[in-house]
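Coordinate inspection notes
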Amino acid sequence: MAFAQVNVVPMSSDTVLRDVTVLIENGRIVQVGRISARSIPRGARIINGQGRWLAPGLVDAHAHLAVTIGGPPEGRAAWQRINERLLLIGLAQGVTSVVELGGIGLSPDPYRVLLELRQEIAGGRRQGPTLYLSSPKANDSTLTRQQGALLVDSAHAAGYDLIKVYNALSREGYRGIMQRAQHHEIPVVGHVVRALGLEGTLGSGQRGIAHLEEIPYTYFGYRVSDTLQVPARVLDPAAIPYLTRIIKDSGVWVTPTLVAFETVLAQVENLDSV
């Protein structure tokens, strides 16, 4: 395949490669530059991109695809469906990868539907972005180390791509999860477990923190708990260089998830929407 005469945003430098051709063989980019039509391999599919832009696909690093509909039917914990339309909207806007962090595992099992959807997309039978699925969140304050390890075994066997940890998870449960996740080579992501704190999380092997606000919540103690009780404390800007350095050095990626703040403000402005 050849994308001809496009303006390329390479992401490897702060520049634009104008009026170039991008050659792809076996799903990999093999050449980018000013390539004549005669140099394009015979039989290649040519896409005329003159005057248009070609950029790497975008990643939605924190999506919740399960939508609760109606009241929970009798005997079920929840009644949910997968918002497939959201995936198609994202794809139309250049989102080619989605990380599902909702921790889907409620009844009736929408995870099974999502797993099948992931397989259909990967097999080219349905349009959609590449999906990465997290396990149901681990948030048990009484979880033992052995139970944490078993949780990872179950999630790995079910086909989850990621293990999600949450605020109230016990220290021992977290240790069991981290040790077993390393064995299975499955990344652990989610919130900052309060028993570890921010600095403990950064040194634990956890791969990702799913909210930027986890930093003020845990390091500065901006909230005394996970309620809306806000103590009279002031964030200390002098700590920002230190936090920036230790996060960078740890290699842990932080997803800002700034849309969460927009949602909170929207709820305050319109209480009827809550």
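Presented here is a report on the structure given in the accompanying data block.

About the criteria used
Residues numbered from 1 in each chain as written. Predicted model: local features only at pLDDT ≥ 70, side-chain atom pairs only at ≥ 80, totals over all residues. Heavy atoms only, no water. Helix = DSSP H or I, 4+ residues; strand = E, 2+ residues; numbered from the N terminus. Buried < 20%, exposed > 50% of the residue type's maximum accessible area, 1.4 Å probe, protein only. Contact = heavy atoms within 4.5 Å. Areas by Shrake-Rupley, 256 points an atom, 1.4 Å probe, with all protein chains shown as cover. 1 Å grid on protein atoms, 1.4 Å probe; cavity = no way out; pocket = protein on both sides within 12 Å on 5 of 7 lines; lining within 4 Å. Points joined across faces, edges and corners; volume = space filled by probe spheres on them. Nonpolar A, V, L, I, M, F, W, Y, C, P; charged D, E, K, R; others polar. Expected span 1.5 Å × (residues − 1).

Things to note about the overall build of the chain
On a plain count of helices and strands, the chain comes out with eight helices and 14 strands. The buried share of the chain, reckoned over its 274 residues, is 35%. Counting contacts in the chain only where the partners sit at least 6 residues apart, residues at least 24 apart contribute 62% of the total. Per element, the accessible surface of the chain, about 16700 Å² overall, is 53% carbon and sulfur.

Describing the layout of surface pockets
Counted as a void, the second largest pocket has a volume near 370 Å³. Along its surface, the second largest pocket is lined by 13 residues, and Phe3, Val22, Ile24, Ile29 and Leu54 are the ones closest to its centre. Of all the elements in the fold, those that place two or more residues in the lining of the second largest pocket are strand 1 (2–8), strand 2 (17–25) and strand 3 (28–33). Within the lining of the second largest pocket, the residues separate by chemical class into twelve nonpolar, one polar and no charged.

Some remarks on helix 4 (residues 171–184)
For helix 4, built from 14 residues, the straight-helix expectation of 20 Å at 1.5 Å per residue is met to within 8% by its first-to-last C-alpha distance of 20 Å. Residues of helix 4 that are buried sit in contact with helix 3 (145–158), strand 11 (163–165), strand 12 (188–190) and helix 5 (197–202).

Some thoughts on the side chain of His211
Tracing the chain through its elements places His211 in the loop between strand 13 (208–209) and helix 6 (214–218). With a relative accessible area of 12%, His211 lands in the buried category.

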